[in-house]
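# Geometric and topological summary
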Amino acid sequence: MYAILKKMRAPILSAFERRGVKRSTISRNLVAYAFLAPSLAFFVVFMIIPVIWTFGLSLQEGGLLRATSFIGLSNYPTVIRDPRFRIAMLNTLLYAVMVIPAVLTMGLFLAVLLRQVVFKTFFKSAVFFPHLSAMAIAAVVFSYMVHPEFGPLNQMLRLLHLPAQNWLGDPQLALPTVALLEIWRSLGFNVIVYVAALGRVPEEIYEAGRLDGAHGWSAFWHITVPLIKPVILFTLVMATVWNLQMFDSVFVLTRGGPVYSTATVVWFLYDNAFYYDKVGIAATIAILLLLVTLVLTLIQVRVLRSEVEY
Amino acid sequence: MVARENSRRDESARDVGVNRRQFFKTVAVLSGAAAAGSLMPSCMPGGAPASKGPVTVKFWKSPHHEKEADFWVPIIKQFEDAHPNIKIEFSVLPWYEAGARLTTAFASGNPPDVLYVVDAWGPKYIESKYFMDFDAAGYSKEVKDQFDAQLFAKVPNYLGKTYGIPFLGVPRFLYVNNKMLKDAGVSAPTTWDEFTKVGTSTTKGDKWGYVVFKPGYWQAFWPWLWMAGADIMNPEGTKAAFNTPEGVNALQFFVDWWRKYKMLPDYGSYDQEQAEDLFYRQGVAMESGHNIMADRLPKEWPDVDFDVVMMPKGPAGAFSFADFGYVTISQACQYKDEAWQWVKFITSKDGAGAYLKNVGLFPARPDISIMEKNKAWPVYVNNMEKIRGAPMHPHFEEANNRMWAQIEAAILGQVTPKEAFATAEGDFNQALAG
C-alpha cells in the first residue's frame, strides 16, 4: 500500500509542478485529501455505491428470495404504467404539498413567537418533543386521537354539534389526516432550526431598519426573511426529501388504504421489496423517486439560491 | 506550573507527531489490516459445528401474547435440562415486520434455525428452498401419527411435501351476546337472513350488531364467499375463482352490512384488540372471534353472557376461517438434528401444551385440551371440518391485497360489487402470474 502511494505521489507531484503549482502546495493538498479520505470513502460506500447498486437491481427481474435475471430497462415502463404506482406518486406529491408549506410557515411563525416569550427553553423542548418520539408510538397514539367513536377529535366535533368523521377510513380524509400527524411530528425540527437562524440575525440590522421605518411585518418580510433565506432553503430541501420518503406513519396507520388513498411511493416500494419479493420493481421505484426528488430539489435550490453574509 | 504543563504538552506532541512517511506507512498498515479483517469471515470456518460444548439453535416466533418471551422461559429451560448439548436462543419476531425481517434474514444468509410460520406465509420461502423438506429428512414420519391426518396433510404441506410440524390454530366462530340478543327479541342466527335481522335489531345508539376488524378484513369476508358457493382461487392455484354470480352475491351481502343495514361501525375504525374490547364491553352483539375470547370472557368478563355458535348457513353451507401455524427448520441451519429435537419437543403434547395453556390458542394436536370446561370448546372441536384456510400460493399476498382494494371500494360505495370483482379478477390474476 505504502509503495503504491509512494509510486503514485511522484507522478502527481511532477504533473502539478509542470503546471506551475508549488511543491509545498501540492504536498499540503495531498495531506488534506488523505484526511478527507475517510469521509469520502464513507460517502462513496454508503451513498454512491448504493445508488449504482440500486440502478443495477432495477435492471433485474426476481427478488431477494428468488434468483434474479437481467431484463434491461423493462421494469421502468412496467412501473410507470402501473396505476398503483401513479396513485402512490400522486399521493406522495399531494402529501408533500400539504405538509411542507405547513411545517415551514408554522415553524417560522412559532420560532418568531418563541423569541418573545418567557420560559423559552421549556417551550422549545415542548415543541421539539414530538420529533423525538418514535413514529410507531406517535402513530398509535394518533390513531386513538382520531378514532371515529372514542377519539377526542370526534368528541369535540360532537360537542360542537358537527358530524363525526371517519378520519382514517374515509378516502377523502385519510391522506390529510396522515399529513396532520406528520405536521405535528416534524414541526419541532423546523422551529428549532429557525430559532437558531433568527438568533444569528444581527440586532444592528433591525435598528438600521427601524430608522428607515421598517417595523413589525415590514421588518420581518424585508430583513428577517432575506437574511434567513439560506436556512429556509435548507429546511425546504430537507422537508421535501423527508416527505417524499413518507412511509412509517402510512405503514402503522393505514397500510396504504382505504382503496390506495394513502399509498405512498415508499410504501409501494416496501411492499414490492419485502412482501411481494419483486426487488427489481422496488429498485425501479427507488430510482424514479430519486429522480423526482433530485429535480424538485434542484428547482428549489435554483429559485431560492442566495448568498447572504452578515 | 502553566509553563511546565505547556512544555509537557509539547513533548507529548513530539512523541505522537508523525512525519509524512510514517503517516502513509500507518495508513497502509491499517488498510491492510482492515482488508484482511473483512476477508476473514469468509476464510474462517466461522459457525461450523463445534466439536465440544453446546450448540445454539436460534428460534424465532411472532407473539400470540404480550408475555410471549416469558412463556418460553420455562419451556426452554425444560428442554435445555434434558438436552445439555443444545442452547435455545429465542427471539420474538414482531408481526408488523415479520415479512420484511424474514425476507432479509433468508436473503442475507442469516435466518433463524427454527421458526414459527403462519401457513399462508410458507409458499414463497418454500419455492425458494429456504425451508427444510421434513419428508426427505425422515422427520415427518416420526410424529405424523400424533396429529389429525387431514390437518397434517394440509397445514405444513406445499405441493405434496411436508415442511414443518403443526403447532397451533386460530379458528374463528361466531360470538353472540345473549343479553343483547334477548333484549332485541332475537336468537343466535342460523341463516344469512337471520344474521342481518339480528344485526339490525341489535344496532341501537352506540351499540352495534356486528364488527369486523383491521388489518386482515379479508379473513372476515372469506367464509361468506365460501358459504355463497364461490372460492378465492381455483384448485390449481392459477386464477381467481371469486368473480362468479355466487361470489358477487357474497360481496353484495357483505357490503350491505355497512351501506344498507348500517349494522357495523365505520369501515376501518376498529383493530382486532379494539373490536374484542367492544365485545367485552357489550358494545357489539356479534363478532367472529378466535378461542382466546372464549378463554378470557369467563375469567375477566364474567358478567358477559355469551355463546359461541357456527357461522350462519349460506346457500352452500356453513364455513369458517382459520389460519394455522407450523414450526419449520431453515435449510441453512447447521444443526438440523439439534433443531429437530427442539421442534419435536415444542410440538409435543408437553411442549405445545405448556405454551398453549398460557396463550389460550387452539392446539394443532388432538391430545391437548386447553379449555375443556369452557362451553365454547365443543363448538370449536366439533366444527373443525367446516374450517377453511388461506390459499397457498407464493404470490397470494399481492393478489389478495389487490382484490381487497376493490372490495374496499365497494364497501365505500365507489363501485358496485359486480364492478369491484370484475376489476379485482384481472388484478388478482396478474399478481398470481408473478
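Rules and cut-offs
Residues numbered from 1 in each chain as written. Chains lettered and ligands numbered in written order. Predicted model: local features only at pLDDT ≥ 70, side-chain atom pairs only at ≥ 80, totals over all residues. Heavy atoms only, no water. Patch = residues over 30% accessible without salt bridge, like charges linked within 9 Å, V, L, I, M, F, W, Y side chains within 5 Å. Areas by Shrake-Rupley, 256 points an atom, 1.4 Å probe, with all protein chains shown as cover. Salt bridge = Lys/Arg side-chain N within 4 Å of Asp/Glu carboxyl O. Helix = DSSP H or I, 4+ residues; strand = E, 2+ residues; numbered from the N terminus. Domains from an automatic or database assignment. Contact = heavy atoms within 4.5 Å. Buried area = accessible area lost by both parts, 1.4 Å probe. Nonpolar A, V, L, I, M, F, W, Y, C, P; charged D, E, K, R; others polar. Pairing = 2+ DSSP bridges. Axes fitted to C-alpha atoms, helices over the stretch in contact; angles between N-to-C directions. Core = buried A, V, L, I, M, F, W, Y, C linked by side-chain atoms within 4.5 Å. Buried < 20%, exposed > 50% of the residue type's maximum accessible area, 1.4 Å probe, protein only.

This part takes up a nonpolar patch on the surface. On the surface, a cluster of nonpolar side chains totalling about 1000 Å² of accessible area is made up of A:Phe42, A:Phe43, A:Val44, A:Val45, A:Phe46, A:Met47, A:Ile48, A:Ile49, A:Ile52 and A:Trp53. Among the structural elements, A:Val44 can be located in helix α2 (residues 23-58).

Turning our eyes to something else, we now look at the domain arrangement of chain A. Accessible area lost upon the coming together of the parts serves often as the stated size of an interface. All names here are of chain A. The domain architecture assigned to chain A consists of domain 1 (2-58) and domain 2 (82-304). Each of domain 1 and domain 2 has a C-alpha centre, and the two are 39 Å apart. Contacts between the two partners involve five residues from domain 1, matched on the other side by seven residues from domain 2. Carbon and sulfur atoms supply 86% of the area that domain 1 and domain 2 bury against each other, a total of about 440 Å² over both sides. Ranking the residues of domain 1 by area buried against domain 2 places Thr54, Leu57 and Ser58 at the top, with a combined share of 73%. Between domain 1 and domain 2 we count zero salt bridges in total. Taken together, the residues of the side of domain 1 that touches domain 2 break down into three nonpolar, two polar and no charged.

The next point concerns the sheet that holds strand β8 (residues 208-211) of chain B. All names here are of chain B. Spatially, four strands are ordered β8-β9-β7-β10 in an open sheet, and the strand pairing comes out mixed. Sheet topology places β8 and β10 (306-309) at the edges, where each strand pairs with a single neighbour. For this sheet, the mean inter-axis angle between neighbouring strands, taken without regard to orientation, is 20 degrees. Examined bridge by bridge, strand β7 (residues 173-177) and β10 share four bridges and lie antiparallel to one another. The residue of β10 that forms the bridge with Val176 is Asp307.

Core analysis: the largest hydrophobic core is formed by 141 residues, its most contacted members being B:Tyr210, B:Phe221, B:Trp257 and B:Trp342. Counting residues domain by domain, this core receives three or more from each of domain 1 (4-169 + 322-388) and domain 2 (171-321 + 391-432) of chain B. Discounting residues that sit within four places of it in the chain, B:Trp342 has contacts with B:Phe59, B:Trp72, B:Ile75, B:Ile76, B:Phe79, B:Ile88 and B:Val114. Core analysis: the next-biggest nonpolar cluster, separate from the first, contains 73 residues, A:Val103, A:Leu181, A:Leu198 and A:Val265 among them.

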